[in-house]
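Structure at a glance
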Amino acid sequence: MRDDVVVLAIAFGYLALLFVIAAWGDRRAEQGRSVIGSPTVYALSIAVYCTAWTFYGSVGRAAEAGPGFLLIYLGPTLAMFMGPLVIRKMVRIAATHRITSIADFISARYGKSTGLGALVALIALIGTTPYIALQLKAITLSHAMLVDYAPEGSMATAETSFWADRSFWVALVLAVFIILFGTRHLDASERHEGMVAAIAFESLVKLAAFLAVGIFTVFVLYQGPADLFRQVAATPALTEALSLSSVPGGALGWVGMLVLAFLAFLGLPRQFQVLVVENVDERHIQRAAWLFPLYLLVINLFVIPIAMAGLLGGAGEDPDSFVLTLPMAAGVDGLPVLVFIGGLSAATGMMIVETIALSTMVSNQLVMPLLLRSRRLHRSHSGSLANRVLGIRRIAILGILLLGYSYHALIGDAYSLVTIGLVSFAAVAQFTPALLIGLYWRGANRLGAGLGMSAGILVWAWTLLIPGFAQSGWLNADFLAQGPFGIAWLRPYALFGLEGWDIYTHSLLWSLLANIGLLVGVSLFSRASPLEQAQAALFTEALHPRLDQSSLWRGHTLRGELRALLDRYLGTTAAQRVFADHAPDDDDQSASTALVARAEQALAGALGNASARVLIDSVVRGEALDLDSILRILDTTSETLEMNRRLEQKSRELARIGQELREANARLRELDRLKDEFVAMVSHELRTPLTSIRAFAEILRDNHELPQQRREHFLDVVVRESQRLSRLIEEILDLARLESGRLPLEPQRLDLVTLTRQAMEAIHRPLEKRGIALTSCFEVDSAEVIGDPDRLEQVIINLIDNAGKFADPHAPRVSLHLAQHRQGFRLAVSDNGTGIDEAERERVFEKFHQLPHADTTRSRPRGSGLGLPISRGIVAHLGGRLWIEDASDLSGACLVMELPEAPHEVDDLSGSNADD
């Protein structure tokens, strides 16, 4: 299974599968069925961040520095959490300005500077070459380990000629792949759909492979995590190696590595490519903001267990190889091949995207500015430049991969995988100050950004890159310990006498100090050009709604000149797309500002913003708007937005008023219904006793022969019904007075205890006749309140009477309880009936609303249904409350009345003054 021919066949077969996936993705895009229009695919493409460094080097880093390896992934996690704020702005700018690379982005921000774009491209080329070498080293060493594994061996390989080096041929195959699927179109701002689909697939492959070896390690080599951690705990040296104290540089090392990973994630050319250039919908950032950190969590889940298992023995001496050597040491055949394919996926994915980004920068930022100086190029025939630029990019792809291979062959063995990766991280971190500061500070200018990056990369080269050559034997290593010419404060690893830090935090500190210091300082004391000011305003205000960028240039040119320019440099087809709305007969007319802007965007997508600006300036007479003009445009937009905001506010107010009117109308209809219902109820209640009185009166009138006993009985009925009619009329009048606020009350200080006892005596006989047992409990001897004695006694009698109505019909019981509560007194009247549902407890206090009687044989309860509403009104007028709750001592409901305690009496001073 691990024969050289078989392994190579599987490896190149896998690369062939990538060709198939990429071709399928491009074909789907041509059919209008994009496969990268998914936020999940977008998040998986961002996982190109996980390279061979992650696949092999994270375990090696964990074995050497404990949990410090996590900082490399916490930095990107922090950056993605800020994605909706920072990355969304970058995506918006890139889409508007047809940005092709991070060099193009920085160049466009600082006045479309050709020199600044070239500087970024050179730094990217120098800084990421070791990173490409890292991937090739991982492929070479993992292949050698897979084919020629010996338990006592390591991942180091003997020197071989380049034609016998597997990584050389992998580089050539990848060059073919990238040329076929990364340079199909001249417009570098167009999406590489097939390439992105292949990268997303590779992200799944490397994740599956790493999880497979992790599960094998934990659950096959050991009896689960508990068994593994128990054996680690039994080895003190291993426990110490995996502790937090083993992180290089201590707390400063933690902070430095976190900042380095954060800055590098935003500055890596490949991450900018997938995060910004390949983004098809900025809304995808919302899902990627949590899905990508989740991917990082899952792929690092088994890093510590694999590192611990490797350190326990049996996996070789090189920690970078533990992922591969653990299953091989166990004698497993298939899993090592899967691991090798996973590592190949991690390495090739990075090289594909990185090389596309670098080749675009080389052609647009380094070569094109030189070509545009050639008069011969300007006299070339239609579309000749397009083929020339594509040829430049293809040559650059091959050259970049061969440059990475050369670095790997010459210096790669001097550093571990993680060390090489961190050297590149520190280099690309020099882009981030100019990038982030330029997004939010309008005052940053080209001179400050250029000097800052130049100083930062020189410090990086002195503190990290050159020492690598010295450790590889290409330079005399004496200056590392003694400093150049014996100047100790210039030692690369202890610059200005700063010792005791890990080399990456040390380099990051001094390089960023130089970078940011010059960027801010020079920008504060130098003046930007009008074009820089215009671009600064556009970038810092990129998320400003409705920002119109079509009129940011003043000047004029003929449509024919503009068409000829596009035809010469982009070809006839591209020119026709730009002039789709304009007929060739109008070429002698002046081009609109919108047409000029569209032409510049087309040129920028193919040649970069700096070259596009040069070409547009060659035919358009005029210049960019100054900062004041830009701000006036933004202010006009702000005024429009403010007016729209006010109109929306008025619309919301009108909608609110309309809703209130609808609610008032509904309330009026409800009141009208209640009025009709009230009149009907009153009519019914009045008609009932009147009907009885009339009926019995007619009987007495028409039957003179009635016995005396019957006559007296009928007269008693007439009297009772008359009394009932009088009470009803009085209750209706009381209710009307309550609602109008004219109820006559004579409030005075009284004792609620005495009044309650009087009420109990008044209702005792009627309750006794109905068989209702009344009990009472007074927790206070006196309860001084302010109230109308007659009205308040009426309320208490009404509460007791209502409780009696709804007590248990077989053994009715009513209890009365009076006690002090806070600043007042509470009278509770409970019954032992079935209680009152919570939904009905407020309806009880509605006029004429009557609950069913506890005795279901009766058709309706006695009374008019006005007692409780009147009682609540009286209590409210006296400053108290009346409500219903569950009885605490009996099983039914409890009517609770609460009145405030009467204020203390003041001395009558009038008496003391009577004798005066």
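Residues numbered from 1 in each chain as written. Predicted model: local features only at pLDDT ≥ 70, side-chain atom pairs only at ≥ 80, totals over all residues. Heavy atoms only, no water.

Let's talk about the overall build of the protein
If you tally the helices and strands in the protein, you get 35 helices and nine strands. Residues counted as buried form 52% of the 916 residues belonging to the protein. Taking the intrachain contacts of the protein between residues at least 6 apart in sequence as the baseline, contacts between residues at least 24 apart amount to 81%. Carbon and sulfur atoms make up 58% of the accessible area of the protein, which amounts to about 41,000 Å² in all. (Helix = DSSP H or I, 4+ residues; strand = E, 2+ residues; numbered from the N terminus. Buried < 20%, exposed > 50% of the residue type's maximum accessible area, 1.4 Å probe, protein only. Contact = heavy atoms within 4.5 Å. Areas by Shrake-Rupley, 256 points an atom, 1.4 Å probe, with all protein chains shown as cover.)

Some details on the packing of helix α15 (residues 303-311) against helix α16 (residues 322-329)
Following both chains from N to C, one finds α15 and α16 inclined at 60 degrees, their axes separated by 10 Å at the closest point. Between α15 and α16, the crossing angle belongs to the class labelled oblique. Relative to α16, α15 is oriented so that their crossing is left-handed. In contact with Ile306, Ala307, Ala309, Gly310 and Leu311 of α15, α16 contributes Phe322, Val323 and Leu326. (Axes fitted to C-alpha atoms, helices over the stretch in contact; angles between N-to-C directions. Parallel < 35°, antiparallel > 145°, perpendicular 65-115°, else oblique. Left-handed = near helix turned anticlockwise from the far one by under 90°.)

Digging into helix α4 (residues 71-81)
Counting buried residues along α4, eight of its eleven residues qualify, which places the element largely inside the surrounding structure. Considered for burial, the residues of α4 that qualify are Leu71, Ile72, Tyr73, Gly75, Pro76, Thr77, Ala79 and Met80.

Quick look at the pattern of salt bridges
For the structure on display, the rule yields twelve salt bridges. The salt bridge partner of Glu354 is Arg270, with a shortest N-O separation of 3.1 Å. Placement of Glu354 in helix α17 (residues 334-371) and of Arg270 in helix α13 (residues 269-277) is noted, with a sequence separation of 84 residues between them. Side by side, Glu354 and Arg270 carry an identical accessibility label, which is buried. Salt-bridge contacts for Asp801 lead to Lys805; the nearest nitrogen and oxygen are separated by 3.8 Å. Taken together, the residues Asp801 and Lys805, both in helix α33 (residues 789-805) and four residues apart, mark about one turn of the helix. When sorted by exposure, Asp801 lands in the same class as Lys805, which is buried. Salt bridges sharing common partners tie together Arg88, Arg92 and Glu282. (Salt bridge = Lys/Arg side-chain N within 4 Å of Asp/Glu carboxyl O.)

Concerning unusual backbone geometry
In this structure, Arg98 takes a positive phi of about 55 degrees despite not being glycine. Relative to the assigned elements, Arg98 resides in the loop between α5 (87-97) and α6 (102-109). Residue class for Arg98 comes out partly exposed when judged on its relative accessible area of 24%.

Some words on the packing of aromatic side chains
Under the criterion given, the structure shown has ten aromatic pairs. Seen in terms of ring centroids, Phe55 and Tyr56 are 5.2 Å apart; in terms of plane orientation they differ by 80 degrees. Their pairing is edge-to-face. Relative to Phe272, the ring of Phe105 lies with its centre 5.5 Å away and its plane at 70 degrees, an arrangement referred to as edge-to-face. A residue pair is termed long-range when its members are at least 10 positions apart, and Phe105 in helix α6 and Phe272 in helix α13 qualify at 167 residues. Both residues of the pair, Phe105 and Phe272, count as buried. A cation over a ring is seen here: Arg109 above Tyr110, with NZ or CZ 4.5 Å from the ring centre. (Phe/Tyr/Trp six-rings, centres within 6.5 Å; stacked < 30°, edge-to-face > 60°. Lys NZ or Arg CZ within 6 Å of the ring centre and 35° of its normal.)

A word on the environment of Ala29
Note on placement: Ala29 falls in helix α1 (residues 4-30). With a relative accessible area of 28%, Ala29 lands in the partly exposed category. The sequence separation of Ala29 and His192 amounts to 163 residues, and the corresponding C-alpha distance is 9.4 Å.

Here we look at the side chain of Thr756
If you trace the backbone, Thr756 turns up in helix α32 (residues 752-769). Of the polar contacts made by the side chain of Thr756, one reaches the backbone oxygen of Leu752; its length is 2.6 Å. (Polar contact = N/O pair within 3.5 Å; in protein donor to acceptor, adjacent residues only side chain to side chain.)

Things to note about the sheet that holds strand β7 (residues 824-831)
In a beta sheet, neighbouring strands pair by backbone hydrogen bonds and run either parallel or antiparallel. An order of β4-β6-β7-β9-β8 is seen for the five strands of this open sheet, with the pairing classed as mixed. Unpaired on one side and paired on the other, β4 (773-778) and β8 (881-886) mark the two borders of the sheet. The average undirected angle you get between the axes of adjacent strands in this sheet is 20 degrees. Relative to strand β6 (residues 813-821), β4 is paired through six bridges, and the arrangement is parallel. Bridge pairing links Leu774 to Val814 in β6. Seen against the sheet, α32 touches β4, β6, β7 and β9 (893-900) and runs at an angle of roughly 170 degrees to β4. Relative to β9, α33 is tilted by about 165 degrees, and along the sheet it contacts β4, β6, β7, β8 and β9. (Pairing = 2+ DSSP bridges.)

Side note on the packing of α6 against helix α7 (residues 114-147)
Viewed as axis vectors pointing N to C, α6 and α7 meet at an angle of 150 degrees, and their least axial separation amounts to 8 Å. Relative to α7, the element α6 lies roughly antiparallel. Relative to α7, α6 is oriented so that their crossing is right-handed. Listed contacts from α7 to Ile102, Ala103, Ile106 and Ser107 of α6 are Thr114, Leu116, Gly117, Val120 and Ala121. Each residue belonging to the contact of α6 with α7 can be placed in one class, and the counts come to six nonpolar, three polar and no charged. (Nonpolar A, V, L, I, M, F, W, Y, C, P; charged D, E, K, R; others polar.)

Quick word on the pairing of β8
Here β8 pairs with β9 via six bridges, running antiparallel. Of the residues in β9, the one forming a bridge with Trp883 is Val896. Connecting the antiparallel pair β8 and β9 is a turn made up of six residues.

Comments concerning the environment of Gly224
If you trace the backbone, Gly224 turns up in the loop between α9 (193-221) and α10 (225-233). Note on Gly224: relative accessible area 5%, which makes it buried. Among residues more than four places away in sequence, those in contact with Gly224 are Val218 and Phe219.

Some thoughts on the pairing of β7
Burial analysis of β7 places seven of its eight residues in the buried class, the great majority of the element. For β6 and β7, the ladder comprises eight bridges, and the chain directions are antiparallel. Each residue of the ladder has a partner; that of His817, found in β7, is Ala828. Connecting β6 to the next strand, β7, in antiparallel fashion are two residues, including Arg822 with a positive phi near 50 degrees. With seven bridges joining them, β7 and β9 adopt antiparallel strand pairing.

Describing a nonpolar patch on the surface
Nonpolar side chains collect at one region of the surface, where Trp290, Leu294, Leu297 and Leu301 lie side by side and expose about 430 Å² of accessible area between them. Structurally, Leu294 is set in helix α14 (residues 284-299). Residue class for Leu294 comes out partly exposed when judged on its relative accessible area of 39%. (Patch = residues over 30% accessible without salt bridge, like charges linked within 9 Å, V, L, I, M, F, W, Y side chains within 5 Å.)

A look at helix α24 (residues 503-524)
Along an α-helix, residues three or four positions apart point the same way, because every turn accommodates 3.6 residues. When the terminal C-alpha atoms of α24 are compared, their 31 Å separation across 22 residues agrees well with the 32 Å that a helix rising 1.5 Å per residue should span. If you check which residues of α24 are buried, you get Tyr504, Thr505, His506, Ser507, Leu508, Ser511, Leu512, Asn515, Leu519, Val522 and Ser523. (Expected span 1.5 Å × (residues − 1).)

Description of the confidence of the model for the protein
Looking at the protein, pLDDT values average 77 and 73% of them are 70 or higher. Note on residues 856-861: pLDDT under 50 across the span, and seven contacts to partners over four residues away in sequence or across chains. Below pLDDT 50 for its whole length, residues 906-916 participates in zero contacts with residues either more than four positions away or in separate chains. (pLDDT = per-residue confidence, 0-100.)

Focus: the environment of Phe714
Tracing the sequence through the fold places Phe714 in helix α31 (residues 708-740). Distance from Phe714 to Ser692, taken between C-alpha atoms, is 9.8 Å for residues 22 residues apart in sequence. Other than its neighbours up to four places away in sequence, Phe714 contacts Phe696, Ile699, Leu700 and Leu706.

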